[in-house]
Amino acid sequence: MKKLIAISLFFLLIFTSCELKDDSTTPEQPDNGFASKEVAAVFAENCAISGCHAGTNPQNGLSLENYSSLMKGSSLRPLGSNGTTGGDVVIPFNSEKSLLYQMISGNASVRMPFNRTALSSTELSTVLNWINDGAKNINGEVPFTNPSYRVFVCNQGSDIISTIDGDNFVVSRLLDVDQTAGIDAPHMVKVKDGFLYATLISAGKLLKIRLNDYQIVGEVANLDYPGMIMITNDGAKAYVSRSSSAPGSYSSIYVIDIQQMVLLREVQLPVAGIPHGIALTPDNATLYAANLTKNRISIINAVTDNFVNDIVLSTTVDHEPMQTAISPDGAYLYVSARATGKLLVIETNTNSLFDEIDVGQMPMHIAVNSIGSKIYVPLMGDNAVAVVEKTNTTWAKTAEIQSTAFSMPHGADLSADDKYLFTSSRNLSGSFVPAYAVAGESSRANVAIINTTTQKVEKVLEIENYGAGLVVEK
C-alpha cells in the first residue's frame, strides 16, 4: 500500500507541476526570437512557465522560452511504455501535422497547457497562422532551410515524403506528392544534383522534385508499380524496378532520361517475375536486378542497357532475393534473402555466390559504410538491425541493434561520415506507440537514428504512415 501511495504521489507531482506554478514569464525581448510579439506572448504567458516548458529541466525536454529552443523540439518525450525519445513539435507550413498545435487545440490525447486554461481562439489562430506561414523567426527566415544534409523518407501509406534535418534531427518539412484521388504510395527516393527523385507505386510515376524550393518539376507517368531507383553517376539516366508488392509478373526494368524526364526504353528480362532490388556498380558498367519471385539475379549491361545473364541462386532453396547493394570497391554484390534470413555475397568478378551469412528474419534494405567494412540490415521479422562486419574476404554477423522503437524496420541509409544510420519502421502492427495520440491519425511510422559507434538508438522521430524507402543526402 505504501508503494502504491508513493507511485500515486509521483505521478501527481508530474502531471500537476504546471498547475502548481503560475509565474508566467515576460519575453526577454519583444519577440524572443519569434516572428512577432503576438506569437512570443502566447508561449511566454501559457507555456514557458517554471515547472513546465522553461528552466533547466523543462517538461519532456521541451523549452518554449525562445524560438531556437522550441524549434529543437523535445528531447525526453516518452517512448510508449519504455524509455524516452525526442522529436519535433513544429513542422513549418503544416499546423495539421505539428504536434504542438494539435495539443494546444485539443486534438491530441493530452491537451496543453496541461491543467490550465485552454488557449483562446485568438491565441490558437496566432499559432496556427505562424506555423502555416513557415514558423519564421524574427528575421522572417523559415527554419531548417540550409542544413548540412537531409534525410528523405517515404510514407508508403500516404501521399507524403518526410524530410529530416540532419543537423537537428527533427522532421523539418513534409513534401506532399499527391497525384491522384487515392493514396499514391511513395516507395523509394534518391537524391542527385539538387533534385529528389521519388517513385509512387499506386500513381505509377517517377517524380522529380527541386530541392531548393521542394517543387515538383517533372514526372514520368504510366509506369507499372514502380519500385526502386538507381541513378548513374553522371545524372543522365535512372533505372526503375518494380515494387515488391506489385501483383502479377513483369519482365523489364525501366530506363529513364532524368534530365528530360522521358522513358527511354525497357530492358527486357527473359524470366518474368518481380524484378525489385537493383544495384549499380561504381563504374556504372553493370546493373544487377534481384527477381524476388524467381530466385535469380539478372545482370544488365548498363552501357547498352541489354540483358547479359542470370545468376540462379539455388535450384532447391527459394531465397526470395529482396534488396541489393554493391560494396564501395565494386567487388561484391550483397543481397538480402527475405525467405531464408540470409545476406548473400556475390563476387562480381565471377558473378557467382561467394558466401551466405545468417542475419535474421526477413532482412530488408542494405546499408554499406564508405569503406565496406560494415553492413547494416534491418530485420523486419525480428524488429532489429543486424550488423555484419567484413574482414578481408570473411563476413560475420557481429551484433544486433535492439530498440522498442523498431516495428517492422524497412529502409536504411548512412550519413556521409558513417556516423549515423537512419532506419525507417513501417509499424503496420502498431507495436510502436507514440507518446501522444492525435485524432484521425492511424498508427504512426518512425525513423530511428542510430549512432554507429555505440550501436545505440539516439533518437526516434515519428513520421506518417508506413515508413518505407529512405535516402540520406550526400
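Scroll up a little and you will see the structure.
Residues numbered from 1 in each chain as written. Predicted model: local features only at pLDDT ≥ 70, side-chain atom pairs only at ≥ 80, totals over all residues. Heavy atoms only, no water.

A. Quick look at the pairing of strand β15 (residues 286-291). Here β15 lies mainly inside the structure; six of its six residues are buried. Residues Thr286, Tyr288 and Ala290 line one face of β15 and the alternating positions Leu287, Ala289 and Asn291 line the opposite face, and both faces are buried. In this sheet, β15 lies alongside strand β14 (residues 275-280) in antiparallel orientation, the contact comprising four bridges. In the sheet register, Ala279 faces β15, and the bridge partner there is Tyr288. In this structure, the hairpin formed by β14 and β15 is closed by a connection of five residues, where Asn284 is found at a positive phi of approximately 60°. (Buried < 20%, exposed > 50% of the residue type's maximum accessible area, 1.4 Å probe, protein only. Helix = DSSP H or I, 4+ residues; strand = E, 2+ residues; numbered from the N terminus. Pairing = 2+ DSSP bridges.)

B. Local environment of the pairing of strand β26 (residues 409-414). Counting buried positions over the six residues of β26 gives six, a clear majority of the element. Sheet topology note: the β26/strand β27 (residues 420-425) ladder contains four bridges and is antiparallel. Bridge pairing in β27 places Leu414 opposite Leu421. Taken together, β26 and the strand that follows it, β27, pair antiparallel across an intervening segment of five residues, in which Asp418 is found at a positive phi of about 65°.

C. Quick look at the packing of aromatic side chains. With the rule as written, the count across this model stands at 13 aromatic pairs. Between Phe34 and Phe43, the aromatic rings sit 5.3 Å apart at their centres with planes inclined by 40°, giving tilted as the arrangement. Neither Phe34 nor Phe43 differs from the other in exposure class; each is buried. Aromatic pair Tyr67 and Trp130: ring centres 6.4 Å apart, planes at 75°, arrangement edge-to-face. (Phe/Tyr/Trp six-rings, centres within 6.5 Å; stacked < 30°, edge-to-face > 60°.)

D. Geometry of the side chain of Asn446. As for its position among the elements, Asn446 is in strand β28 (residues 446-451). In this structure Asn446 comes out as buried when scored by relative accessible area, which is 0%. At a separation of 2.9 Å, a polar atom in the side chain of Asn446 contacts the main-chain carbonyl oxygen of Ala405. Ignoring any residue separated from it by four or fewer positions in sequence, one finds Asn446 in contact with Ala405, Thr423, Ser424, Ser425, Phe432, Val460, Leu461, Glu462 and Ile463. (Polar contact = N/O pair within 3.5 Å; in protein donor to acceptor, adjacent residues only side chain to side chain. Contact = heavy atoms within 4.5 Å.)

E. Main features of unusual backbone geometry. Looking along the chain, the bond that leaves Met112 and enters Pro113 is cis, with omega of 0°. Along the chain, Pro113 falls in the loop between α4 (99-104) and α5 (121-132). For Glu320, which is not glycine, the phi torsion reads 55° and is therefore positive. Take Glu320: it is sitting in the loop between β17 (306-312) and β18 (321-326). A residue is classified by how much of its surface remains accessible, and Glu320, at 23% relative accessible area, is partly exposed. Phi angles above zero are rare outside glycine, and Asn383 is one such case at about 50°. When you line up the elements, Asn383 lands in the loop between β23 (374-379) and β24 (384-391).

F. How the structure looks around the pattern of salt bridges. Tallied over the entire structure, the rule returns 17 salt bridges. The partner of Asp310 in a salt bridge is Arg296, and the shortest N-O contact between them spans 3.1 Å. Here Asp310, found in strand β17, pairs with Arg296, found in strand β16 (residues 296-301); they are 14 residues apart in sequence, far enough to count as distant. On the basis of relative accessibility, which here comes to 14%, the residue Asp310 falls in the buried class. When its relative accessible area of 18% is taken as the criterion, Arg296 is described as buried. In this structure, Lys474 engages Asp413 in a salt bridge whose closest nitrogen and oxygen atoms are separated by 3.2 Å. (Salt bridge = Lys/Arg side-chain N within 4 Å of Asp/Glu carboxyl O.)

G. Local environment of the layout of surface pockets. The calculated volume of the largest pocket comes to roughly 1200 Å³. For the largest pocket, the lining is made up of 41 residues, of which Lys190, Met230, Asp413, Val471 and Lys474 are closest to its centre. Of all the secondary-structure elements, those providing two or more residues to the lining of the largest pocket are β6 (186-192), β10 (226-231), β14, β18, β22 (367-368), β26 and β30 (467-472). A class-by-class count of the residues in the lining of the largest pocket yields 22 nonpolar, twelve polar and seven charged. (1 Å grid on protein atoms, 1.4 Å probe; cavity = no way out; pocket = protein on both sides within 12 Å on 5 of 7 lines; lining within 4 Å. Points joined across faces, edges and corners; volume = space filled by probe spheres on them. Nonpolar A, V, L, I, M, F, W, Y, C, P; charged D, E, K, R; others polar.)

H. The nonpolar core, seen in detail. Membership of the largest hydrophobic core comes to 31 residues, with the highest contact counts inside it found for Phe43, Leu70, Val90, Leu100 and Trp130. At the level of secondary structure, the elements contributing two or more residues to this core comprise α2 (37-46), α3 (67-72), α4 and α5. The element best represented in this core is α4, accounting for five residues. Setting aside residues up to four positions removed in sequence, Phe43 forms contacts with Phe34, Ala48, Leu64, Leu70, Leu100, Val127 and Trp130. Listed in part, the 26 residues of the second largest apolar core include Tyr239, Val255, Leu269 and Ile278. (Core = buried A, V, L, I, M, F, W, Y, C linked by side-chain atoms within 4.5 Å.)

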